[in-house]
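Chain by chain, the residues:
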Amino acid sequence: MKASIVFAMAFGCLLAMPAVQAQQASAPAGSTGQCKDGSYTSIAKKRSSCRGHKGVKEWYAASGKAKAKASKKATRAEAAAPAAAPATAAAAAPKKSMGWTKPAATAAPGGGAGMVWVNDSSKVYHCQGDKWYGKTKHGEYMSEAAAKAKGDHAEHGKACS
């Protein structure tokens, strides 16, 4: 008796598979499921994806747990596989920073009273006591008047006093 029930269920599933696949084939590209009202959803999570559409009728995407398992297996396989090719120059290139860089730990030698530090790349000069005074990568000390004559400008428009 139990064997016949199991056989009937398995046979029913085999008959239903082509219908489900045909329904998935007619679904719009990128859809993850069909709602009970006939509309399609592209939301990645099954839970609440058909809210307001009478619930989920068919779910095409793999469940979150199945995706996580597949991701873990892929990560393990990548870690176990030996490196096929050496790293390229593009992969080894350092990441460019979008923010301000930290000033050097110590100021460049030189400077003193009446001298400003001119950043060569930005054409900005920094007054003595400023956070960047003598600490940018490329620059030189000179008088404020010489910096202005050269076309450099004060940081944030604040002249040294």
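Quick summary incoming for the structure in this document. (Residues numbered from 1 in each chain as written. Predicted model: local features only at pLDDT ≥ 70, side-chain atom pairs only at ≥ 80, totals over all residues. Heavy atoms only, no water.)

Okay, the overall build of the chain next. When helices and strands are tallied, the chain shows four helices and seven strands. Taken from N to C terminus, the helices and strands of the chain fall in the order α-β-β-β-α-α-β-β-β-α-β. When burial is assessed residue by residue, the chain has 19% of its 161 residues classed as buried. For the chain, contacts bridging at least 24 residues in sequence account for 42% of all contacts bridging at least 6. (Helix = DSSP H or I, 4+ residues; strand = E, 2+ residues; numbered from the N terminus. Buried < 20%, exposed > 50% of the residue type's maximum accessible area, 1.4 Å probe, protein only. Contact = heavy atoms within 4.5 Å.)

For the rest of this paragraph, the subject is the state of the cysteines. Under the counting rule described, the total for this entry stands at two disulfides. Bridging cysteine 127 to cysteine 160, the disulfide has an S-S length of 1.7 Å. When the S-S torsion is -95°, as for the bridge of cysteine 127 with cysteine 160, the disulfide is left-handed. Of this pair, cysteine 127 sits in the loop between β5 (124-126) and β6 (139-143) while cysteine 160 sits in the segment after β7 (153-154); the two residues are 33 residues apart in sequence, bridging distant segments of the chain. (Disulfide = S-S within 2.5 Å.)

Next up on the list: the sheet that holds β5. Taken in spatial order, the four strands of this open sheet run β6-β4-β5-β7, and their pairing is mixed. Taken across any chain shown, the strands that pair with only one partner, and hence form the sheet edges, are β6 and β7. Strand direction decides the pairing type here: strand β4 (residues 115-119) and β5, joined by three bridges, are antiparallel. Bridge assignment links asparagine 119 to a residue of β5, and that residue is valine 124. (Pairing = 2+ DSSP bridges.)

This brings us to unusual backbone geometry. In the Ramachandran plot, lysine 123 falls in the positive-phi region, its phi being about 60° despite a non-glycine side chain. In the Ramachandran plot, histidine 156 falls in the positive-phi region, its phi being about 55° despite a non-glycine side chain. Note that histidine 156 resides in the segment after β7.

Fair warning: the whole summary comes from geometry, so function is off the table for now.
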